[in-house]
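In case you want the letters, here they are:
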Amino acid sequence: METQMRIAMRRITRRGLVAAGCLWGLAVAAQTYPTRPVTLIVPFPPGGGTDVAARLFAKELGDRLGQSVVVDNRAGAAGNLGTGVFVRAAADGYTLLFTAQSPVTIADSISPKLPYSPTRDLVPIALTQLTPVLVVVPANLPVKSLAELAKVSRANPSSLFFGSPGTGNELHLAGEWLKREARMDITHVPYKGSGPALQDLLAGRIQMLVASPASVSQHIADGRLRAIATLSTQRLAGFPDVPTAAESGYPQLVYDAWFGLFAPKNTPAPVVKRLEQEAAAIASVPGYRRQLSDLGVLASGDGAQAFAGTIGKNRAVWSDLVKSLHLTEDIYK
């Protein structure tokens, strides 16, 4: 009996030493991380909004880490292809994901066949940037508020249209959310990107678009478009006369597009924490903030916990809308 107890104690001691060794190894890894370049997978094409935001962030992150941060664009299936590539990467902090929210908060509500699980395979590190959106209409459309647009749409059933960069895109769902809350009779028209949708709005072939300020500000300034609301929590500095949706009588309508940083599951917690801290510090860099502001984007330093909360709220809204719209995975083909 005594011999068996000694054997058991030795086993427990060995296990404790192994566990302690692992913890020590993680601590050392966090202190030395990174020792080589970091890859930032962007699951959208070069030159788009996500890519531009990612490259600005990558430059700052590389400066702070003392290593190159290389952007790797893996576009396809509305961000799902690149995200699927990312989740198969080693969980060591050397491959990260920088993405808009569609692959994280929308995709699994539409497709049961994703090559990843947003809730299991993606570890939120930081919400890096926010992109406020405006609701815009052609200047010759006789409406100056959401309430007026809703009234005109109901008075002219099925004759008004709103555009989006594509079915299932978050700007499409934001438009559907607005349509539902304001009880608008307005039909969705999907496009292959924001550019073609904007051109048809300018031409008067569609009557509403939910868009980033950067993409429409010049057209508002030259009098071709009119902004009737923002979906942000407060009025935008560049558009102080444009009310929020809440001020317009729709308090549930609060939405900002965002970009965020993720690690694969099982990435060591000290490495995730280091990246979270660096992202928070980057959000305060004056030059970086100015660059983003010029694009109509706001720097954010929300860490993992706050970011996870934002993701959860977004998922609840979008999944409800996806069910009501009966969207299927065919939109990703």
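For the structure itself, consult the block above.
Definitions and cut-offs
- Residues numbered from 1 in each chain as written.
- Predicted model: local features only at pLDDT ≥ 70, side-chain atom pairs only at ≥ 80, totals over all residues.
- Heavy atoms only, no water.
- Helix = DSSP H or I, 4+ residues; strand = E, 2+ residues; numbered from the N terminus.
- 1 Å grid on protein atoms, 1.4 Å probe; cavity = no way out; pocket = protein on both sides within 12 Å on 5 of 7 lines; lining within 4 Å.
- Points joined across faces, edges and corners; volume = space filled by probe spheres on them.
- Nonpolar A, V, L, I, M, F, W, Y, C, P; charged D, E, K, R; others polar.
- Buried < 20%, exposed > 50% of the residue type's maximum accessible area, 1.4 Å probe, protein only.
- Pairing = 2+ DSSP bridges.
- Phe/Tyr/Trp six-rings, centres within 6.5 Å; stacked < 30°, edge-to-face > 60°.
- Axes fitted to C-alpha atoms, helices over the stretch in contact; angles between N-to-C directions.
- Contact = heavy atoms within 4.5 Å.

**As for the environment of isoleucine 206**
- With respect to the secondary-structure elements, isoleucine 206 resides in the loop between α8 (194–202) and β8 (208–211).
- When the C-alpha atoms of isoleucine 206 and leucine 160 are compared, they prove to be 6.8 Å apart, with 46 residues separating the residues in sequence.

**Thoughts on the layout of surface pockets**
- Size it by volume and the largest pocket reaches roughly 1400 Å³.
- Where the lining of the largest pocket is concerned, the elements lending two or more residues are α2 (49–65), α7 (170–182), α8, β8, α9 (213–221) and β10 (257–264).
- Residues that form the lining of the largest pocket fall into these classes: 30 nonpolar, 16 polar and three charged.
- Taken as a whole, the second largest pocket encloses approximately 780 Å³ of empty space.

**A short note on the pairing of strand β4 (residues 122–131)**
- The element β4 is largely enclosed, with a buried count of eight among its ten residues.
- Of the pairings in the sheet, the one linking β4 to β10 comprises eight bridges and is antiparallel in character. If you follow valine 123 over to β10, its bridge partner there is alanine 263.
- Strand direction decides the pairing type here: β4 and strand β11 (residues 298–302), joined by three bridges, are antiparallel. In the strand pairing of β11, leucine 130 is matched with leucine 298.

**So, the packing of aromatic side chains**
- With the rule as written, the count across this model stands at seven aromatic pairs.
- Plain terms: the ring middles of phenylalanine 98 and phenylalanine 259 are 6.0 Å apart, the flat faces sit at 25° to each other, and that makes the pair stacked. In this pair, phenylalanine 98 is assigned in strand β3 (residues 95–100) and phenylalanine 259 in strand β10, connecting sequence segments 161 residues apart.
- Note on phenylalanine 98: relative accessible area 0%, which makes it buried.
- Using a relative accessible area of 9% as the deciding quantity, one classes phenylalanine 259 as buried.
- Plain terms: the ring middles of phenylalanine 262 and phenylalanine 307 are 5.2 Å apart, the flat faces sit at 50° to each other, and that makes the pair tilted.

**What to know about the sheet that holds strand β2 (residues 69–73)**
- Strand order in this open sheet of six strands is β2-β1-β3-β10-β4-β11, and the pairing throughout is mixed. Whereas interior strands pair on both sides, the edge strands pair on one side only; in this sheet they are β2 and β11. Direction aside, neighbouring strands of the sheet carry axes that sit 25° apart on average.
- Summarising the sheet, strand β1 (residues 38–42) and β3 pair through three bridges and their orientation is parallel. The residue of β3 that forms the bridge with leucine 40 is leucine 96.
- Each of β3, β4, β10 and β11 is contacted by helix α10 (residues 269–282), which is oriented at about 5° to β4, the strand it contacts most.

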